[in-house]
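# Structure assessment
Single-letter residue listing:
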Amino acid sequence: MTVTIEPTGVTPADVLAVARGAATVVLAPATLSAMATSRSIVDGIEAAGRPVYGVSTGFGALANTFVAPERRAELQHALIRSHAAGVGAAMPREVVRAMMLLRVRSLALGHSGVRPLVAEALVDLLNHDVTPWVPEHGSLGASGDLAPLAHCALVLLGEGWVLGPAGERRPAADALRQAGLAPVELAAKEGLALINGTDGMLGMLLLAIHDAAHLFTMADVTAALAIEAMLGSERPFRPELHAIRPHPGQGVSAANIHRLLQDSAVMDSHRDDLAHAVQDAYSMRCAPQVAGAARDTLDFVRTVADRELVSVVDNPVVLPDGRVESTGNFHGAPLGFAADYLAIAASEVGAISERRVDRLLDVTRSRELPAFLSPDAGVNSGLMIAQYTAAGIVAENRRLAAPASVDSLPTSGMQEDHVSMGWAATKKLRTVLDNLTSLLAVELLAAVRGLQLRAPLTPSPAGRAAIAALGGVVGPPGPDVFLAPLMEAARSVVSGPELRTAIEAELGPLP
């Protein structure tokens, strides 16, 4: 597909198509015109000799240092080199590509005062699959993602590093030459415009929103399968019980779980047996309250990201009336707060999932299932240690749920005396979601084993689809096997579309 960047910006789908796919990026003629108009204002300021931050002065604590006209191009190059000061492992390709596209988007809004060729150079990197090597540490999320964006901009100058085919580090000059691209000579204001934005944290947040939406639906699926395997009741998920507490996400999750539990001989076997399931434990009965609250959190976070996608995030900004004004719009507090909030929600979705796994494995609470879901417990340990792994991940997610956005540290000689830590917040959110994938995988594996052990009773359509998706890997209940490959297979099923597609083919779309 082709992503066309208009002066109005891009969509979340555009970002995903470029970050995770091979979409071609083009700049609309209106975008080039808007950038040229903005640039003419900066050229006028230069000609008039007016002092303007970042155009004729230094940066940060050096904002009052005048820079002579003949040294202003040098100033922009020095800015990029000095700010490319990150350390640590390289950020994933998808994050860097999202960040570059979003910086192009910001420049395309026509308030940054850069020449169109600067945005075109970034587009060339994307279209030739030249991905800068961006270290994981360096951004404080105020003045934007300065260091990560500087590592991207440095490649435009023919300096720095890029990611090689196998993830290795290669000289940028070699990569540009092989792609047939030439380095860019920056003019006044352009270096600052390339690095002063929230593009890294916004890119990570948009990727996380997409992943969280899928995982929260899969959390409904694994919860329903676990409840079915434990002979739980479907009554707490009836719509009239959620209409009287009208949180939107709760209603959606309850409706999903209720649908997933229908047409099940396993459920029919005890539906009217009040002695068997008078009232289920919280981890079963309250599944939609927790997953639903996470859905509502995600809706809030999505709203924040959508606002940021149409925001001018730069400093200074060029206004249509010719003014160039210093702003604080680069501060990442909105994104940092949102990411921390979503990390808390996702952590709890994983925590309640682990509690259901523990019940499935406990012979005193699993309603006639064998201990640790092993037909021959004692010699065999079944899924005992899979629950250990889940417990360890839950503990890590609780640590990661501690907010990064309260961790401001002053920098730049107290000029930048409050920072957002939005980069750290969005980066750890992605780790929480990756961990949630593993937790739901353990629940899926345990639920499938539990449903297999309920044979000859036939499970729900969702249960049959889950057994089909994992059955070729896990096999029937029996002696212990090497468990790690089964857990990796379950992770792939949770993160991928196949199981959800199979279930939706039977039941219709699961929101």
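Refer to the preceding data block for the structure.
All of these numbers come straight from a predicted model, not from anything done at the bench.

### Looking at the overall build of the protein
Within the protein, the regular secondary structure consists of 20 helices and eight strands. Seen through its principal axes, the protein has C-alpha atoms that stretch 85 × 50 × 40 Å. Looking at the 511 residues of the protein, the share that counts as buried comes to 56%. Expressed as a percentage of contacts within the protein between residues at least 6 apart in sequence, the contacts between residues at least 24 apart total 79%. Here the protein has roughly 19900 Å² of accessible surface; of this, 58% comes from carbon and sulfur atoms. Mean positive and mean negative side-chain charge positions of the protein (40 and 53 charges, respectively) differ by 2 Å.

### As for the pattern of salt bridges
On inspection of all chains with the given rule, the structure shows 30 salt bridges. Residue D268 pairs with R271 through a salt bridge whose shortest N-O separation is 2.5 Å. Overlapping salt bridges, with partners in common, bring together E354, R355, D358, D362 and R365 in one network.

### Section: the packing of aromatic side chains
Two numbers describe a pair of aromatic rings. These are the distance of the centres and the angle of the planes. Within this structure, the stated rule accounts for one aromatic pair. In this structure, R169 is placed above the aromatic ring of W133, and the distance from its NZ or CZ to the ring centre is 5.3 Å.

### Quick word on the side chain of S253
Summarising the element assignment, S253 is placed in helix α11 (residues 248–260). The contacts of S253, once residues within four sequence positions are left out, are D220, P288, A291, G292 and R295.

### Concerning the side chain of D220
By the secondary structure assignment, D220 is in helix α9 (residues 199–229). Ignoring anything within four residues of it in the chain, the contact list for D220 reads S253, N256, I257, L260, A291 and R295.

### Examining the layout of surface pockets
Looking at the second largest pocket, its volume works out to about 360 Å³. In terms of lining residues, the second largest pocket is bounded by 18 residues, among which R20, D211, R430, L433 and D434 are the most central. For the lining of the second largest pocket, the elements supplying multiple residues, two or more each, are α9, α17 (422–453) and α19 (484–495). A total of six residues in the lining of the second largest pocket trace back to one element, the largest contributor, which is α17. Considering only residue class, the lining of the second largest pocket consists of five nonpolar, six polar and seven charged.

### Topic: unusual backbone geometry
Looking along the chain, the bond that leaves N315 and enters P316 is cis, with omega of -5°. For P316, the location among the structural elements is in the loop between α14 (287–309) and β7 (317–318). The omega angle of the peptide bond from A455 to P456 is 15°, so this bond is cis rather than trans. Structurally, P456 can be placed in the loop between α17 and α18 (461–474).

### A short note on the nonpolar core
Core analysis: the biggest nonpolar cluster contains 146 residues, and L107, L125, L194, I195, F216, L444 and L470 have the highest contact counts within it. The element best represented in this core is α9, accounting for 20 residues. With sequence-adjacent residues up to four places away left out, F216 is seen in contact with A294, R295, L298, L342, A346, V349 and L436. In terms of nonpolar packing, the next biggest core, distinct from the first, is built from eight residues, I41, V42, V52 and V55 among them.

### Considering helix α3 (residues 72–83)
Here α3 contains 12 residues, and its C-alpha end-to-end distance of 16 Å stays within 8% of the 16 Å for a straight helix at 1.5 Å per residue. By the burial criterion, the buried members of α3 are R72, L75, Q76, H77, L79 and I80. In the core, the buried residues of α3 are packed alongside α2 (29–48), α6 (146–156) and α8 (190–195).

Criteria and cut-off values
- Residues numbered from 1 in each chain as written.
- Predicted model: local features only at pLDDT ≥ 70, side-chain atom pairs only at ≥ 80, totals over all residues.
- Heavy atoms only, no water.
- Helix = DSSP H or I, 4+ residues; strand = E, 2+ residues; numbered from the N terminus.
- Buried < 20%, exposed > 50% of the residue type's maximum accessible area, 1.4 Å probe, protein only.
- Contact = heavy atoms within 4.5 Å.
- Areas by Shrake-Rupley, 256 points an atom, 1.4 Å probe, with all protein chains shown as cover.
- Lys, Arg positive; Asp, Glu negative; His and termini not counted.
- Charge placed at Lys NZ, Arg CZ, Asp CG, Glu CD.
- Salt bridge = Lys/Arg side-chain N within 4 Å of Asp/Glu carboxyl O.
- Phe/Tyr/Trp six-rings, centres within 6.5 Å; stacked < 30°, edge-to-face > 60°.
- Lys NZ or Arg CZ within 6 Å of the ring centre and 35° of its normal.
- 1 Å grid on protein atoms, 1.4 Å probe; cavity = no way out; pocket = protein on both sides within 12 Å on 5 of 7 lines; lining within 4 Å.
- Points joined across faces, edges and corners; volume = space filled by probe spheres on them.
- Nonpolar A, V, L, I, M, F, W, Y, C, P; charged D, E, K, R; others polar.
- Core = buried A, V, L, I, M, F, W, Y, C linked by side-chain atoms within 4.5 Å.
- Expected span 1.5 Å × (residues − 1).

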